[in-house]
Amino acid sequence: MSTLITENERYHEIDLPFYRRELAFLPPHVLDFHTHTWRAIDWKINPWNQKADGANYMVTDPDYPLETLRDDGHRMFPDQAYHAVCFGNPTPSADLDRTNAYTLEASLRPGLFPLLVTGRGTLPTDRLRQKIEQENWLGYKVFLNWYGDNYAAIDIPTMLGPEEMELANEHHLVVLLHVPRSGRLNDPVVKEGVRTYAKAYPHAQIVLAHCGRCYLPDEMKGAIACLADLPNVYMDTSMVMDPQVLEMVFRTLGSERVLFATDFPVAAMRGRRVYLMDHWVDVVLPGYPPSAYRVASDDMHATFMAWEIALAIRRGAEMAGIDEAALKGVFFQNGMNVLNRVRKGQPVKALQSAWKTAPKFE
Ligand SMILES: [Zn+2]
């Protein structure tokens, strides 16, 4: 395929016809449960500087302001009203105060629901309570206290303590958790951590990012059963593009605990996450920065990863016998049900009324 085609030509001539043909099953509203937004000034260090730890991992643009997030949402879901749960970069490279302040500001724009990046002891408990009760946060994006793909050998209570969980339980907060350890959700220490917290804090709404990081069927096969009896644990589908993985999730959890998500800016790339041997690889069109487990080629057809995620959900749902109405729920209503339970619906109501008077994007 010629690389001389412009971005705009590619969008109109290749991407959009595919979207109209293959993604017509999407409901009129979409809620993307896992997206990021950040500005270049929100970093303590540029994480993708050549000399930094983790510099070669998940490399994206150091500037991904809310306008770009909204543009990506509109471009990839042109026939839908796009809504997103969004948060800053949850790693030691980011200035947490700055990135959280920016996320809160972003949520004054229509459709964006903010999560506070925080972790065990990040804020004194009274300060955390004050922020949760006085600002419109829907919950936490749990801070990752490590760099890059040096998957930390820590347990979940090291990432998030009982104080944070008690507050989450009291207010039915979203606890969006990227599980640690190289074994992912299939690691016994991770399973134990999720099970213990889910049972001890039954009103906390624990959402496992990237389906517990089980992108491969063999990883999910050993992992999924541990969630069967935990009604307050959900999965976000960000960067999961394997139908068999999603089939297992649907068969074990049903559809209501599955939440569509992309992980923008990552899933704004054109390509697909596949697996070789025992690890995932992102196969992408040329033009993106080099990154670990990212292979670029122009010798293929490719479109947005966000759509590959949506298609994998549809295929997995079909394989598991999920009906059309339940499939639609994954893309919007399931996630809204979670958000509406937070603090008895107060933050959602407050945001929706703020959006009515918000400045327009364009
Ligand atoms: Zn993410």
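This structure is a prediction, so every number in the text was calculated from the model and none was measured.

**Overview of the coordination of the zinc ion**
At the metal site, the zinc ion is ligated by His34 (NE2), His36 (NE2) and Asp263 (OD), and these contacts range over 2.1 to 2.2 Å. Counting gaps between the donor residues of the zinc ion yields the pattern H-x1-H-x226-D. Of this pair, His34 sits in strand E1 (residues 29–36) while Asp263 is found in the loop between strand E9 (258–259) and strand E10 (271–276), placing the two residues 229 residues apart along the sequence. You'll find His34 and Asp263 in the same group, each marked buried.

**Quick look at the packing of aromatic side chains**
According to the stated counting rule, one finds 13 aromatic pairs in the structure shown. With 5.2 Å between their ring centres and 65 degrees between their planes, Phe113 and Trp355 make a pair best called edge-to-face. Of this pair, Phe113 sits in strand E3 (residues 112–114) while Trp355 sits in helix H14 (residues 346–356), placing them 242 residues apart in sequence. In terms of burial, Phe113 and Trp355 fall into one category: buried. Seen in terms of ring centroids, Phe304 and Trp307 are 5.0 Å apart; in terms of plane orientation they differ by 90 degrees. Their pairing is edge-to-face. Note on Trp307: relative accessible area 0%, which makes it buried. Each residue in the set Phe25, Phe77, Tyr82, Phe260, Phe264 and Phe331 is aromatic and connected to the rest through ring pairs, giving one cluster. Above the face of the Tyr11 ring, Arg75 is positioned so that its terminal group lies 5.7 Å from the ring centre. Sitting above the plane of the Trp280 ring, Arg273 keeps its charged end 3.5 Å from the centroid.

**Notes on H14**
Every buried residue of H14 is listed here: Pro347, Val348, Leu351 and Trp355. Projected down its long axis, H14 carries its buried residues within an arc of 100 degrees, all on one side. The exposed set on the far side of H14, more than 90 degrees from its buried face, consists of Lys349 and Lys356. Buried residues along H14 sit in contact with E3 and helix H13 (333–341).

**With respect to the pairing of E10**
Where E10 meets strand E11 (residues 279–284), six bridges bridge the pair, whose relative direction is antiparallel. Bridge pairing links Arg273 to Asp282 in E11. Connecting the antiparallel pair E10 and E11 is a turn made up of two residues, with Met277 showing a positive phi of about 55 degrees.

**A few points about the sheet that holds E3**
Strand order in the open sheet made by the three strands is E1-E2-E3, with parallel pairing throughout. Because the sheet does not close on itself, it has two edges, and the strands there are E1 and E3. Adjacent strand axes in the sheet meet at a mean angle of 20 degrees, parallel and antiparallel pairs treated alike. Taken together, the three bridges between strand E2 (residues 81–87) and E3 define a ladder with parallel strand orientation. Directly across from Cys86, in E3, lies its bridge partner Pro114.

**Concerning helix H4 (residues 125–134)**
For H4, the full list of buried residues reads Leu128, Lys131 and Ile132. Seen end-on, H4 carries its buried residues on one side only, within an arc spanning 95 degrees. Seen from the buried face of H4, the exposed residues on the opposite side, beyond 90 degrees, are Asp126 and Gln134. Looking at the buried residues of H4, the elements they touch are strand E4 (116–118), strand E5 (139–142) and helix H6 (162–171).

**Quick notes on the packing of helix H10 (residues 243–253) against helix H11 (residues 305–320)**
H11 packs onto H10 with a crossing angle of 50 degrees between their chain directions and a minimal axis gap of 7 Å. Overall, the two elements H10 and H11 adopt an arrangement that is oblique. Judged by the sense of rotation from one axis to the other, the crossing of H10 with H11 is right-handed. Contacts from Pro243, Gln244, Leu246, Glu247, Phe250 and Arg251 in H10 reach Ala312, Ile313, Arg315, Gly316, Ala317, Met319 and Ala320 in H11. Across the contact of H10 with H11, the residue classes break down as eight nonpolar, two polar and three charged.

Definitions and limits used
Residues numbered from 1 in each chain as written. Predicted model: local features only at pLDDT ≥ 70, side-chain atom pairs only at ≥ 80, totals over all residues. Heavy atoms only, no water. Donors = N, O, S within 2.8 Å, 3.2 Å for Na, K, Ca; no water. Helix = DSSP H or I, 4+ residues; strand = E, 2+ residues; numbered from the N terminus. Buried < 20%, exposed > 50% of the residue type's maximum accessible area, 1.4 Å probe, protein only. Phe/Tyr/Trp six-rings, centres within 6.5 Å; stacked < 30°, edge-to-face > 60°. Lys NZ or Arg CZ within 6 Å of the ring centre and 35° of its normal. Arc of directions from axis to C-beta. Contact = heavy atoms within 4.5 Å. Pairing = 2+ DSSP bridges. Axes fitted to C-alpha atoms, helices over the stretch in contact; angles between N-to-C directions. Parallel < 35°, antiparallel > 145°, perpendicular 65-115°, else oblique. Left-handed = near helix turned anticlockwise from the far one by under 90°. Nonpolar A, V, L, I, M, F, W, Y, C, P; charged D, E, K, R; others polar.

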